[in-house]
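# Observations on the three-dimensional arrangement
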2 protein chains.
Amino acid sequence: MYTLYHHPFCPHSRFVRLVLGEYGLDLRLVEERAWERREAFLVLNPAGTTPVLSVEGVPAVPGVGVIAEYLDEVCGIEMGDRRLMPSSPAERIEVRRLMAWFNDKFFEEASNLLVTERIYKRFMNEEDGGGPPSTDVIRAAKTNVRYHLAYIGWLAQRRNFLAGDRLTYADLAAAAHLSAIDYLGDVPWIEDDAAKAWYARVKSRPSFRPLLSDWLAGVPASRTYVDLDF
Amino acid sequence: MYTLYHHPFCPHSRFVRLVLGEYGLDLRLVEERAWERREAFLVLNPAGTTPVLSVEGVPAVPGVGVIAEYLDEVCGIEMGDRRLMPSSPAERIEVRRLMAWFNDKFFEEASNLLVTERIYKRFMNEEDGGGPPSTDVIRAAKTNVRYHLAYIGWLAQRRNFLAGDRLTYADLAAAAHLSAIDYLGDVPWIEDDAAKAWYARVKSRPSFRPLLSDWLAGVPASRTYVDLDF
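Remember, predicted model here, so these are calculated numbers, not experimental data.

About the cut-offs
Residues numbered from 1 in each chain as written. Chains lettered and ligands numbered in written order. Predicted model: local features only at pLDDT ≥ 70, side-chain atom pairs only at ≥ 80, totals over all residues. Heavy atoms only, no water. Salt bridge = Lys/Arg side-chain N within 4 Å of Asp/Glu carboxyl O. Helix = DSSP H or I, 4+ residues; strand = E, 2+ residues; numbered from the N terminus. Buried < 20%, exposed > 50% of the residue type's maximum accessible area, 1.4 Å probe, protein only. Contact = heavy atoms within 4.5 Å. UniProt positions renumbered as here; feature names shortened; annotations may be inferred.

### Here's the deal with the pattern of salt bridges
Pairs can form between side chains of opposite charge whenever their charged atoms are close. Within this structure, the stated rule accounts for 34 salt bridges over all chains. Across the pair A:Glu22 and A:Arg205 runs a salt bridge, and its minimum N-O distance is 2.7 Å. Taken together, the positions of A:Glu22 in helix α1 (residues 11–22) and A:Arg205 in the loop between α7 (193–203) and α8 (209–212) put the pair 183 residues apart, joining distant regions of the chain. On the basis of relative accessible area, A:Glu22 is assigned to the buried category, the value being 13%. The closest approach of N and O atoms between B:Arg83 and B:Asp72, which form a salt bridge, is 2.8 Å. Highlighted residues: B:Arg83 in the loop between α3 (64–74) and α4 (89–123) and B:Asp72 in helix α3, separated in sequence by 11 residues. The same class applies to B:Arg83 as to B:Asp72, namely buried. Here the salt bridges share partners, and the residues they tie into one network are A:Glu69, A:Asp72, A:Arg83, A:Arg92, A:Arg96 and B:Glu73.

Printed below as a string of structure tokens:
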């Protein structure tokens, strides 16, 4: 049994939920408000960030990159065709490159900014940075979403899935970040048909269903969030 | 033969040089000024960042995290006792956690800020962000160095090396970032004896020598930079 310390709109947490969903592994979710810096949580992850995966008999697994590698080593390897990483080191390069692209670059330039401004700041005290969202930050992040969406479309036109022929961590990372900001209506799907068609395929997977039912009181989901045929 | 597209003061590039040095692998260095966004370099790494490792017959390996995992899979595994990652998934968690701590967190909060302000900005055009260093950024980064140094000291008091009994990627990552800013005189060694003693041990390894002979015209190294008994 896995326990995930997460936030429903943390894009990295969403990625881990998708991975565990694809592998059919049972998961208990514990919502963590990382900005509160709860002491017992800092013991699990001194960096103080979600997600943290807790597995019986093993030290806590902190951070999205460490969790992805750990799960590949202990579960992925037994999954045969359903493994979310290729088995050859050369093919793993591209999957890891794109996983880092979305989990680091897209996160910093877009998804984390939008989720922080529009969601986290509602729950933060003023001294932790809470308050009304910054329209400047939101505008800059939305500009960045457009070029990331174009990059996804460019990849999706050339490949069946983002890193090649098969579904991998790269697709789940991209889709996890997009899903968090799609809830907020911040993805201009109309600008890229190839990206939209790729996302529709990933979004219709059973592993995606739990994400689509995460709703936040006071922040309604965008019109097309749960729509598989958006 | 490996080719590394790097910058002599890029902490991530230094980490890869240390890893290849520990494994005794031959390396050709190509200096890349990432901020110039050279087109052929962007083909190797669309994210436009150093380091990128080029290996014959394999796609380019871009980014410090992807390179670390790739090298462990193709070289580390054959190195026996000299492998820089533990072999069990549970022990790998702590090494990867600390590798991310230094390569992501320390980089963002300290080493990248100091290297950018004090070195890269000298070579950048004004439109790329060049110009005189920002004293505010430098002050903030130096404050962050102090708490990272204390964390290294805390680990070094409890363990032989940062992630446990043996030298791992965690030590080389921490030492790589420290070495770049130690050149600039930005590490207050006097504040932490345990951190200093650990760094003296890592710095005296043969893999470190090429780093200590990287000097930059117009920016003299700090008094103790090359001193093994600082």
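### Some points on the side chain of A:Glu69
Along the chain, A:Glu69 falls in helix α3 (residues 64–74). Residue classification places A:Glu69 among the buried residues on the basis of a relative accessible area of 6%. Not counting residues within four places of it along the chain, the set of residues in contact with A:Glu69 comprises A:Met85, A:Arg96, A:Met99, B:Glu69 and B:Arg96.

### Notes on the UniProt feature "domain: GST N-terminal" (unreviewed entry) in chain A
The feature "domain: GST N-terminal" (unreviewed entry), as given by UniProt, occupies residues 1–79 of chain A in the numbering adopted here. The straight-line gap between the two end C-alpha atoms of residues 1–79 of chain A is 17 Å; of that span, 37% is helix and 20% is strand.

### With respect to the environment of A:Ala141
Mapped onto the elements, A:Ala141 comes out in helix α5 (residues 135–158). Excluding residues within four positions of it along the chain, A:Ala141 makes contact with A:Glu109, A:Ala110, A:Leu113 and A:Leu114.

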